[in-house]
Amino acid sequence: MKQFISFVNKEFRHIFRDKRTMLLLLGMPVVQMILFGFAITTEVRNINICTPQTWNYDPQIRIMEGFAANPYFNITGTIGNSQEIDEVFREGKADLVIVLDAQRTNPAIQLIADATDPNTAITEVAYATRIIHEAQQVAVTAIPQGQIIPNVRMLYNPQMKSAYNFVPGVMGLILMLICAMMTSISIVREKEMGTMELLLVSPVKPFSIILSKAVPYFVISTANMLIIILLAVYLLHVPLVGSMIWLSIISWIYILVCLSLGLLISTVAQTQVAAMLISGVMLMMPALLLSGMIYPVENMPAILEGVSCIIPARWYIAAVKKLMIQGLEITYVAKEVAILLLMASFLLTVSLKKFSLRLQ
Amino acid sequence: MITVENLTKSYGEVEALKDISFHIDAGKIFGIIGPDGAGKTTLFRILTTLMMADSGQATVDGLDVVKDFARIRHCIGYMPGRFSLYQDLTVEENLHFYASVFNTSIKENYYLVQDIYKQIEPFKKRRAGDLSGGMKQKLALSCALIHRPKALMLDEPTTGVDPVSRKEFWSMLQRLKEQGITILVSTPYMDEATKCDHIALMQKGRLLSVDTPERIVAAYPDVLYAVTGDNNYRLLCKLKENKEVKMCYISGESLRVIFHKNNVPAIEGVEIRQVAPTIEDCFIQLMQ
C-alpha cells in the first residue's frame, strides 16, 4: 500500500511539475467549452438585413417592427431600387434582403438570401418567414377555413441552442483526450527515458504500475467533468435536467474505457511522439467526426455508421444527451452503458495481457 | 552467486551473445571488459530478467532468470548504462521512490548508501536532471542499493564520467564488496580491469577469457616489447613490413611489438625494451 501511494504521488508530481501539461489539462476544457459554446456554433446570429425604404401599410409596418425587435437580425441599410440589391450583396452589407411590392392590393414579400452557405441561408429564411408569419397572424385574427397551420414545439431545446448538442460532445472529446492520450504518453515516457527498465527490475507488479498511472488521470478527468458541467450550466445555460449521480457514473465508465485505450496504445507505441500521433489520429479524429457530435450518425453512409459503432465517444455522447438534456431515467441508457462496459472490459483485458513483463 | 551456461541471444541477423558461460562467486567484483557492441548490455538484460535468452541457462542466487524472475527482482540492484532516474523529481524524491518500490525506507538501509549519498545530500532538493554526470551516477548507485540487494549489476557505470569520479567510484565498489554484496560490472576501459577480482574479456558476443586479472596477464604467451621512436605512425608502417615482426600496434606513447621466435632485430634510431603486458595487451592478443 505504501508502495502504491508513493507511486501515485510520483505520478502527481510528474503532472504538476510539467507546467505545459497542467495548462493543457485544466485549460483545455475551458477553452473548448467557450469555443464551442460561443464561437463555433451552428446557430445563425447577427443576420444583416436590408429593408425597403418605405413601409406604408399596416401589416408591413408590423413586419418591420418584428425584424427590428428580433435580436437575431440587424438592419444594416435600406434599398431604394432593384439595382441596389446586387450592390448590397456584393459589398457584403446584407445576408438577406426584403423586397416589398409597393401596391397595397397585393402585399407580396420577396426574400432574397445569400446562398453561398446553403445551410445558413435556409436558417435565415426560416427565421424571417417566421417573423413575417407571426406579424400576419396578429393581423388576420380569423383563420380562413381549410387552412392548416402547423403548431411546432421544439422539445428539450426550445431555443434551438447548439450548446445543447455540443456540451455532451465536448465532454466526450475532452475526457478521451485526457485519459487516453495522457496515460499512453506517461507510460511511453517511462519506456523512452529508460525508467521502465528499472521499474521492471523491481518487485512492483505491472498491475500496480498501470493502476498508479490511471489514478491521477482519473482524478483530473473527474475534475474536468465537473468544470465542463459547471460551465455548461452557468455560462452556456444548458440545463442539467437528469441526475448528476448517473451522469457521473456513466462518465466514470467512459473514463475507464479511455484509460484502457491509452494503456493499449502504450503497449504498442515506443516513443511519446508515436503515442501522441496514434491517440490523435486513431482516437481524436473518429471521436470528432464519427461520434455524432458534428455530423449526425444517421446521415452517414452505412460503412461509416458501422465504424461509428466501435467508437466509445458515440455511445457516451448519446447517453449524456439522454441523461443531461432530456432528463431520462438510467434505464433508457442501459444499452449505452452495457456497450461501454463491454468495451472497457475487453480493452482492459487485452492491454493487461499485452503489457510486457520484459523489454521488447 | 551468478552462473551463466551456454547463453545465446541474437537480434535477427545479429548475434549478440554466442555460447557464453561463466560463474561468479558471492562477495566478489566481477568485471566484464569489452568494447561497445561486445554484447555486455544484452548479457545484463538477461541476468536482470529483462530479456530472455534464445538458449542456455542463467541463475542468480540459485534462482533461474526465466522461471523465478519475480523473486530475482526482489534481490538484485540494477544500474542501466543510461541514466534512468526521474529527471523531474528531486534527488531525495528519487531515492525515496526507489526505496518504497522495494517496500523499504531510506532510514532502514541508510548505512549502506551513506558514503555515497552523503556526497550528494547537499543537493537533495535539486532535480535529478540538473545534476552533473558524476552526481547523477552517485544518485543512480544509491537508488540501486537502497533495498540492500544481494547482487548489484552495473552496466558501464563509469562511461562518460571524469577520471577523478571514476577512481572514487571504484573505491566505493570496494567498500560495497566488504559489505558482502556481489558486484557484476561492465566497462569498456581496460585500465579498470585490475580493480576487479575476476574479469571476463568479451568481444563480438564471445568470451575471450575468464579469470583473475593477474592470471590473464600471466598467461600472456609472448614476450612483449615497447618500441619508441620519433614518429609512431611511420615506425608502425615500417615494422609491419619487417618479416621478424609477428604483431605490432600503437599503445599510448609508444608501440607494442611481438617478434617471431623472440628475435629482436636492431633498428636504427629506436629504443626497444621488454615490457610486462597489461590487460589491454592480453585483449588485443586474444582478439587475433
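Think of each chain on its own: its residues are numbered from 1, step by step along the sequence as written. Lettering for chains starts from A, numbering for ligands starts from 1, and both go in the order in which the items are written. Where local features are concerned, this predicted model is filtered to residues with pLDDT of at least 70; where side-chain atom pairs are given and counted, the filter is 80 or more; whole-chain, interface and lining totals use all residues. Each side-chain value is worked out from all heavy atoms of the structure, with water and hydrogens disregarded.

On to the overall build of chain B. A run of H or I in DSSP counts as a helix once it spans at least four residues, and a run of E counts as a strand once it spans at least two, with each numbered from the N terminus. Tallying secondary structure elements over chain B gives nine helices and 14 strands in all. Over its C-alpha atoms, taken along the principal directions, chain B stretches across nearly 70 × 45 × 35 Å. Think of it in three bands: residues with accessible area under 20% of the maximum for their type are buried, residues over 50% are exposed, and the middle band is partly exposed, with areas taken using a 1.4 Å probe on protein chains only. Scored against the burial criterion, the 288 residues of chain B give a buried share of 52%. Sequence separation of 24 or more characterises 68% of the internal contacts of chain B that already satisfy a separation of 6 or more. For the area figures, the Shrake-Rupley method with a 1.4 Å probe applies, and any residue is considered shielded solely by the protein chains shown. Accessible area for chain B stands at about 13300 Å²; split by element, carbon and sulfur atoms hold 48% of it. Between the centroid of the 35 positive side chains of chain B and the centroid of its 36 negative side chains there is a distance of 2 Å. Throughout, a residue-residue contact means that at least one pair of heavy atoms, one from each residue, lies within 4.5 Å. In summary, the charge assignment counts Lys and Arg as positive and Asp and Glu as negative, without counting His or the chain termini. Working definition for charges: the position is that of NZ of Lys, CZ of Arg, CG of Asp or CD of Glu.

So, on to the interface of chain B and chain A. At the junction of the two partners, chain B supplies 33 residues and chain A supplies 25 residues. Within this document, salt bridges are pairs made up of a side-chain nitrogen of Lys or Arg and a carboxyl oxygen of Asp or Glu, the two lying within 4 Å of each other. At the boundary of chain B with chain A, the tally comes to three salt bridges. Note that B:E93 is salt-bridged to A:R13, the shortest N-O span being 3.1 Å. We call two N or O atoms a polar contact when they sit within 3.5 Å, provided that within protein one can donate a hydrogen and the other can accept it, with sequence-adjacent residues counted only if both atoms are side-chain atoms. The interface formed by chain B and chain A holds 14 residue pairs in polar contact (both at pLDDT 80 or more) in total. When contributions to the side of chain B that touches chain A are tallied by element, the ones reaching two or more residues are helix 2 (69–75), strand 6 (76–79) and helix 3 (91–101) of chain B. When the residues that make up the side of chain B that touches chain A are grouped by side-chain class, the tally is 17 nonpolar, 10 polar and six charged. Gly counts as polar in this scheme, as do all residues outside two lists: the nonpolar Ala, Val, Leu, Ile, Met, Phe, Trp, Tyr, Cys and Pro, and the charged Asp, Glu, Lys and Arg.

Residue and element names in this part refer to chain A. Only residues whose relative accessible area exceeds 30% and that form no salt bridge are eligible for patches; like-charged ones are grouped when within 9 Å, while nonpolar side chains (Val, Leu, Ile, Met, Phe, Trp, Tyr) are grouped when within 5 Å. Judged by side-chain polarity, F207, L211, L348 and L352 come together as a nonpolar surface patch covering roughly 320 Å² of accessible area. Contributing elements (two or more residues each) for the nonpolar patch: helix 8 (206–234) and helix 13 (334–354). Along the chain, L348 falls in helix 13.

Below, the discussion takes up the pattern of salt bridges. Residue and element names in this part refer to chain A. Inspection of every chain in the model, using the stated rule, returns 21 salt bridges over all chains. For the salt bridge of K10 with E190, the shortest nitrogen-to-oxygen distance reads 2.7 Å. Linking K10 in helix 1 (residues 2–17) with E190 in helix 6 (residues 163–193), this pair joins segments that are 180 residues apart in sequence. Here K10 matches E190 in class, with each residue buried. Taking the shortest distance from any N to any O, the salt bridge between R130 and E134 comes out at 3.8 Å. One end of the pair is R130 and the other is E134, both in helix 5 (residues 118–139) and four residues apart, which spans about a single turn.

All names here are of chain B. Residue ranges labeled as domains rest on an automatic or database domain assignment. If you check the domain split of chain B, you get domain 1 (2–217) and domain 2 (220–287). Between the C-alpha centres of domain 1 and domain 2 the distance comes to 36 Å. Contacts between domain 1 and domain 2 engage 15 residues on the former and nine residues on the latter. Summing both partners gives a buried area of about 920 Å² for domain 1 against domain 2, and 82% of it is carried by carbon and sulfur. Taken together, the links from domain 1 to domain 2 amount to zero salt bridges. Listed by contribution, the elements that provide at least two residues to the side of domain 1 that touches domain 2 are strand 9 (198–203), strand 10 (206–211) and helix 7 (213–218). In terms of residues, the side of domain 1 that touches domain 2 owes the most to one element, strand 9, which gives four residues. By buried area we mean the combined loss of accessible area, with a 1.4 Å probe, across both parts when two parts are placed together.

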